[in-house]
2 protein chains.
Amino acid sequence: METRQRTDQQRSADYRRRELLEAADRVVLRDGPGASMNAIAAEAGITKPILYRHFGDKGGLYAALAQRHTDALLASLRAALDAPADRRERVESTLDAYLAAIEARPQVYRFLMHPAEGGSQSEQGFDTGRHSIPLLRRMGEELAQVVEERVDLGPDSHRLARVWGHGIVGMMHAAGDWWLGEQPCSRAELVRSLADLLWGRLAAAGNRAGGPGF
Amino acid sequence: METRQRTDQQRSADYRRRELLEAADRVVLRDGPGASMNAIAAEAGITKPILYRHFGDKGGLYAALAQRHTDALLASLRAALDAPADRRERVESTLDAYLAAIEARPQVYRFLMHPAEGGSQSEQGFDTGRHSIPLLRRMGEELAQVVEERVDLGPDSHRLARVWGHGIVGMMHAAGDWWLGEQPCSRAELVRSLADLLWGRLAAAGNRAGGPGF
DNA sequence: CACTTTGGTTACCGCAAGTAACATGCTGGC
DNA sequence: GCCAGCATGTTACTTGCGGTAACCAAAGTG
């Protein structure tokens, strides 16, 4: 039967694809984002052209690889965002979810965000930019949507929510990146500090004695 | 005289270096960050090994190139940060300075921040990551310093200022990047929205009717 | 048995980073 | 005036990557 056969083939192709992605994952996590297609193919026990048959080009592989992690991360953020609690708590748990994720698997994080620095040698880099930014964008849009649909921002709420979504995500990202690199404090402290910032503590704080004020 | 000669040579070397950087600048701005060393050398009217003698490797050239722009940007931010006005105004004018800079020369901006996507073809990319992030870090540290020295944050002010510095810079960066790509509103609107966010409007806003609250 | 399809390989191209070895011209000391 | 030395520049190479073409074999189907 022809359709049955098609299905089998399809399933098998998908299976192979998943195997390849897992191999790629292992290599990228081991060698950093500078991992070469050759290395990935070798890890998967095959040779380059097969990879290209499956993913088109390196960007394709990267995209497929990134999407798995991205989806997982977004899911956990969504969960935190949708928890039944007040706004401050939700914000904190979302920040915490993000930071926990990048703390738990820094290699994955670095791969997703800064694809091109990890490799020990030639730094040919992955396709970068074109894919790392989309993750931030996706998170920003996602957050914007949640904000817009839950917070009353008056007229112009669409634009405002968007700006805030991307802004908050950027804040989280940059602070997280810095924190991950220098481990200057506990995760909880970081979460609290960021939430305080979003809660207007910068505006509320007084000027330091002796200066013209910030 | 020997020292005199040294000086002459030194001056001449510095001059050459500047010429090379200017040529590199032109090429990068024209061809995007994927510009090859060959192309840069050609633009400068010389050949590759000379570039390598001056800058070591591609990363070195990148670093030198980036520093010029970075320094200029930081100077303008510092000016805004130090203007005699109240805190809110300073924050707004700093945001505005940053956004104005990236709006005025998006090519430079993309080169500094996302070095590896602009090239029209092969996307070999510049050295990326290792250099683009430092700019954000520098801005974050700089801001942290200003905050710490001007705002009274009670005990733990060092840590808090740092977190906020990097967080605010990240917010500015991500929002700016998104805004630059989609031009969804005027610069002034964006500045206002971000300042509002920092001023705690997210915490102050009410819940939207019909939802469990954000 | 020929015959297409599917999953595989080897061997290659093009190109960019980076280097080695060679050429040339200006310096100053003898 | 002539040779040593050094900066400046060149050509020609190596290596390693992304990507592709062409070939190969096994397995089901008329």
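Residues numbered from 1 in each chain as written. Chains lettered and ligands numbered in written order. Predicted model: local features only at pLDDT ≥ 70, side-chain atom pairs only at ≥ 80, totals over all residues. Heavy atoms only, no water.

By the naming in an unreviewed UniProt entry, chain A goes by TetR family transcriptional regulator and is assigned to Streptomyces colonosanans.

### Brief notes about the packing of helix H6 (residues 106-113) of chain A against helix H8 (residues 157-182) of chain A
Packed helix pairs are characterised by how far apart their axes lie and by the angle those axes make with each other. All names here are of chain A. The N-to-C vectors of H6 and H8 enclose an angle of 135°; their axes lie 12 Å apart at closest approach. The orientation of H6 with respect to H8, classified from their angle, is oblique. Note on packing geometry: the crossing formed by H6 with H8 is left-handed. On the side of H6, the interface is formed by Pro106, Tyr109, Arg110 and Met113, while H8 contributes His173, Asp177, Leu180 and Gly181. Residues of the contact of H6 with H8, tallied by class, amount to four nonpolar, two polar and two charged. (Axes fitted to C-alpha atoms, helices over the stretch in contact; angles between N-to-C directions. Helix = DSSP H or I, 4+ residues; strand = E, 2+ residues; numbered from the N terminus. Parallel < 35°, antiparallel > 145°, perpendicular 65-115°, else oblique. Left-handed = near helix turned anticlockwise from the far one by under 90°. Contact = heavy atoms within 4.5 Å. Nonpolar A, V, L, I, M, F, W, Y, C, P; charged D, E, K, R; others polar.)

### Some details on the nonpolar core
In this structure, Tyr98(A), Met139(A), Tyr98(B) and Met139(B) are the most contacted members of the largest nonpolar core, which totals 120 residues. The residues contacting Tyr98(B), other than those within four sequence positions of it, are Leu73(B), Leu77(B), Tyr109(B), Met113(B), Met139(B), Met172(B) and His173(B). (Core = buried A, V, L, I, M, F, W, Y, C linked by side-chain atoms within 4.5 Å. Buried < 20%, exposed > 50% of the residue type's maximum accessible area, 1.4 Å probe, protein only.)

### Focus on the UniProt feature "DNA-binding region" (unreviewed entry) in chain A
On the UniProt side, "DNA-binding region" (unreviewed entry) is annotated at positions that read residues 36-55 of chain A here. The annotated region residues 36-55 of chain A carries 75% helix and 0% strand content, and the separation between its end C-alpha atoms amounts to 14 Å. (UniProt positions renumbered as here; feature names shortened; annotations may be inferred.)

### Some points on the packing of helix H4 (residues 58-82) of chain A against H6(A)
Residue and element names in this part refer to chain A. Running from amino to carboxyl end, H4 crosses H6 at an angle of 130°, the nearest separation of the two axes being 10 Å. Between H4 and H6, the angle falls in the class oblique. Where H4 crosses over H6, the handedness of that crossing is left-handed. Contacts from Tyr62, Leu65, Ala66, His69 and Thr70 in H4 reach Val108, Phe111 and Leu112 in H6. Residue composition of the contact of H4 with H6, by class: six nonpolar, two polar and no charged.

### Looking at the packing of aromatic side chains
All names here are of chain A. Taken as a whole, this structure holds two aromatic pairs over all chains when the rule is applied. With a centroid separation of 4.8 Å and an interplanar angle of 40°, the aromatic rings of Tyr62 and Phe111 are classed as tilted. Placement of the pair is Tyr62 in helix H4 and Phe111 in helix H6, with a sequence separation of 49 residues. With a relative accessible area of 0%, Tyr62 lands in the buried category. Above the ring of Trp199, the side-chain terminus of Arg88 is found at 5.3 Å from the ring centroid. (Phe/Tyr/Trp six-rings, centres within 6.5 Å; stacked < 30°, edge-to-face > 60°. Lys NZ or Arg CZ within 6 Å of the ring centre and 35° of its normal.)

### Some points on the protein's contact with DNA strand D
Taken together, 15 residues lie around DNA strand D, and Lys48(A), Tyr52(A), Lys58(A), Thr47(B) and Arg53(B) are the ones closest in. Within 4 Å of the protein, the atoms of DNA strand D are drawn from sugar and phosphate moieties in a proportion of 44%. Met37(A) places a main-chain nitrogen or oxygen 3.1 Å from a phosphate oxygen of DNA strand D. Contact distances for DNA strand D include 2.4 Å between a base nitrogen and a side-chain N or O atom of Arg53(B). Elements with a contribution of two residues or more to the surface near DNA strand D: helix H3 (48-55) of chain A together with helix H1 (2-31) and helix H3 (48-55) of chain B. Looking at side-chain class alone, the surface near DNA strand D contains six nonpolar, four polar and five charged residues. (Near = heavy atom within 4 Å. Polar contact = N/O pair within 3.5 Å; in protein donor to acceptor, adjacent residues only side chain to side chain.)

### Observations regarding unusual backbone geometry
What you tend to see is this: most non-glycine residues have negative phi, and most peptide bonds are trans. Despite not being glycine, Gln183(A) shows a phi value in the positive range, around 40°. Among the structural elements, Gln183(A) can be located in the loop between H8 and helix H9 (187-198).

### Notes on the confidence of the model for chain A
Residues and elements named next belong to chain A. Taken as a whole, chain A shows an average pLDDT of 85; of its residues, 83% reach a score of 70 or greater. Predicted confidence in chain A is weakest over helix H1 (residues 2-31), with a mean pLDDT of 75, and strongest over H9, with 97. Every residue in residues 1-7 scores below 50 in pLDDT, and together they form zero contacts with partners more than four places removed in sequence or on other chains. Across residues 117-129 the pLDDT falls below 50, and counting only partners more than four positions away or on other chains, this stretch makes 31 contacts in the model. (pLDDT = per-residue confidence, 0-100.)

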